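A closer look at the structure
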Amino acid sequence: MAEDTNAAGSPAKAAESLPMFYASPRPLDRIKDARLKVSRPSHFKFTANTNAIPLLIDEFPMAAAYYPIVFAAGPSPVPAAVVGLKNDNNLFLDTNGQWLTGAYLPAYVRRYPFILMDDPEQKQFVLCIDEKSDMLGEKGEYALFNNDQPSDFTKSAMEFCAALRQQGDATDAFVAALKEYDLLVPNDAQIDLRDGSRLQLSGFLVIDPKKFDELPDNIVLQWRKKGWLGLVYAQFLSSHRWQNLVDLMQARNVK
């Protein structure tokens, strides 16, 4: 689910080696990390160099109120909230690295510095942490282990990451259905700025309203029972949020 943005400023797949934001993820170790503690984020500067953040379908209704929702183009399209109009520029961060007050904070951001990663040898997912994160240290707020056992905070992090993993499977199923009925289409965005300049964003997909309207009635009924119709309409409504990004960009005089 890790997504990044390419030089043209469009959502695109991140490097396969590491998930976005994570510099050095590794499994938690009860011996090595016996004295290690984690603090809640004092800033979100680790998100500064992206303009698209992965979303889960459960987040569509909240995210649609603030961000355009698109799907990163590729073999396995990933839903993403667009947070900037230029590459490496998150407009929802202020000068102190704080998220814009009141705006929905995606779960992908809230999960950091924890993440579930696959352990091929044990054939299971293991809880990992980004050891390069400045949220870690021996003087942090919450111990990772107590008496060689995961702390309550670590257990909560594990539960949160596991819930996101399950939501990721549900998200993949929704996207697979969109692909099956050929509903995802390229939709380059052309943004006109007040100074007369123009921005062109490409490389992302959106749901085609016309093709959606032509779905067979039995499929629409199935999607209604699965709760997918609201996701489609949330994506449609989010297209009105491009102006939010233009306003933020011009208010901050981003070049």
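For the structure itself, consult the block above.
The text that follows walks through the structure, step by step, so that each part is easy to find. (Residues numbered from 1 in each chain as written. Predicted model: local features only at pLDDT ≥ 70, side-chain atom pairs only at ≥ 80, totals over all residues. Heavy atoms only, no water.)

A few words on the overall build of the protein chain. When helices and strands are tallied, the protein chain shows seven helices and 17 strands. For the protein chain, the C-alpha radius of gyration of 19 Å lies close to 18 Å, the compact-globule estimate for 255 residues. Principal axes of the C-alpha set define a box for the protein chain whose edges measure 60 × 50 × 30 Å. In the protein chain, buried positions account for 47% of the 255 residues. The long-range fraction of contacts in the protein chain, counting pairs at least 24 apart against all pairs at least 6 apart in sequence, stands at 71%. As presented, the protein chain carries roughly 13,300 Å² of accessible surface, and 50% of it is formed by carbon and sulfur atoms. Of the charged side chains in the protein chain, 27 are positive and 32 negative; the average position of the first set lies 3 Å away from that of the second. (Helix = DSSP H or I, 4+ residues; strand = E, 2+ residues; numbered from the N terminus. Rg over C-alpha atoms; globule rule 2.2 N^0.38 Å. Buried < 20%, exposed > 50% of the residue type's maximum accessible area, 1.4 Å probe, protein only. Contact = heavy atoms within 4.5 Å. Areas by Shrake-Rupley, 256 points an atom, 1.4 Å probe, with all protein chains shown as cover. Lys, Arg positive; Asp, Glu negative; His and termini not counted. Charge placed at Lys NZ, Arg CZ, Asp CG, Glu CD.)

Moving on, we come to the pattern of salt bridges. Summed over all chains, the structure comprises seven salt bridges. For Glu214, the salt bridge is made with Lys210, and the minimal N-O distance between the two is 2.7 Å. As far as burial versus exposure is concerned, Glu214 and Lys210 are alike and both exposed. Among the ionic contacts, a cluster of salt bridges with common partners joins Arg26, Lys32, Asp33 and Glu131. (Salt bridge = Lys/Arg side-chain N within 4 Å of Asp/Glu carboxyl O.)

A few words now on unusual backbone geometry. With an omega of 10 degrees, the peptide bond between Tyr112 and Pro113 qualifies as cis. The residue Pro113 is located in the loop between helix H2 (107-111) and strand S8 (114-119) in this model. Unusually for a residue other than glycine, Phe21 sits at a positive phi of about 85 degrees. As for its position among the elements, Phe21 is in the loop between strand S2 (11-13) and strand S3 (25-27). The exposure class assigned to Phe21 is buried, which follows from its relative accessible area of 15%. Backbone geometry places Asp148, a non-glycine residue, at a positive phi of 70 degrees. Relative to the helices and strands, Asp148 resides in the loop between strand S12 (145-146) and strand S13 (149-150).

A separate point is the side chain of Ser151. In this fold, Ser151 is placed in the loop between S13 and helix H3 (152-180). Ignoring any residue separated from it by four or fewer positions in sequence, one finds Ser151 in contact with Ala143, Leu144, Phe145 and Asn146.

Through backbone hydrogen bonds, the strands of a sheet pair up, either in parallel or in antiparallel fashion. Taking strand neighbours across the sheet as the criterion, the three strands line up as S3-S9-S8 in an open arrangement whose pairing is antiparallel. Two strands lie at the open edges of the sheet, namely S3 and S8, each paired on one side alone. The mean inter-strand angle of the sheet, taken between neighbouring strand axes irrespective of direction, is 45 degrees. In terms of strand pairing, S8 meets strand S9 (residues 124-130) through six bridges, oriented antiparallel. (Pairing = 2+ DSSP bridges. Axes fitted to C-alpha atoms, helices over the stretch in contact; angles between N-to-C directions.)

We now examine the sheet that holds strand S6 (residues 69-72). Read across the sheet, five strands follow the order S5-S7-S6-S17-S14 without closing on themselves; strand pairing throughout is antiparallel. Only two strands of the sheet have a single neighbouring strand rather than two, namely strand S5 (52-54) and strand S14 (184-186). The mean angle between the axes of side-by-side strands here comes to 45 degrees, regardless of whether they run parallel or antiparallel. The pairing of S5 with strand S7 (residues 78-82) spans three bridges and is classified as antiparallel.

On to the side chain of Thr171, then. On the secondary structure map, Thr171 appears in helix H3. For Thr171, the side chain forms a polar contact with the main-chain oxygen of Gln167, separated by 2.8 Å. With sequence-adjacent residues up to four places away left out, Thr171 is seen in contact with Leu55, Leu56, Ile57 and Pro79. (Polar contact = N/O pair within 3.5 Å; in protein donor to acceptor, adjacent residues only side chain to side chain.)

Looking now at the nonpolar core. Counting residues in each nonpolar core, the largest one holds 77 residues, and the members touching the most others are Trp99, Phe174, Trp223 and Trp242. No other element matches H3, which puts six residues into this core. (Core = buried A, V, L, I, M, F, W, Y, C linked by side-chain atoms within 4.5 Å.)

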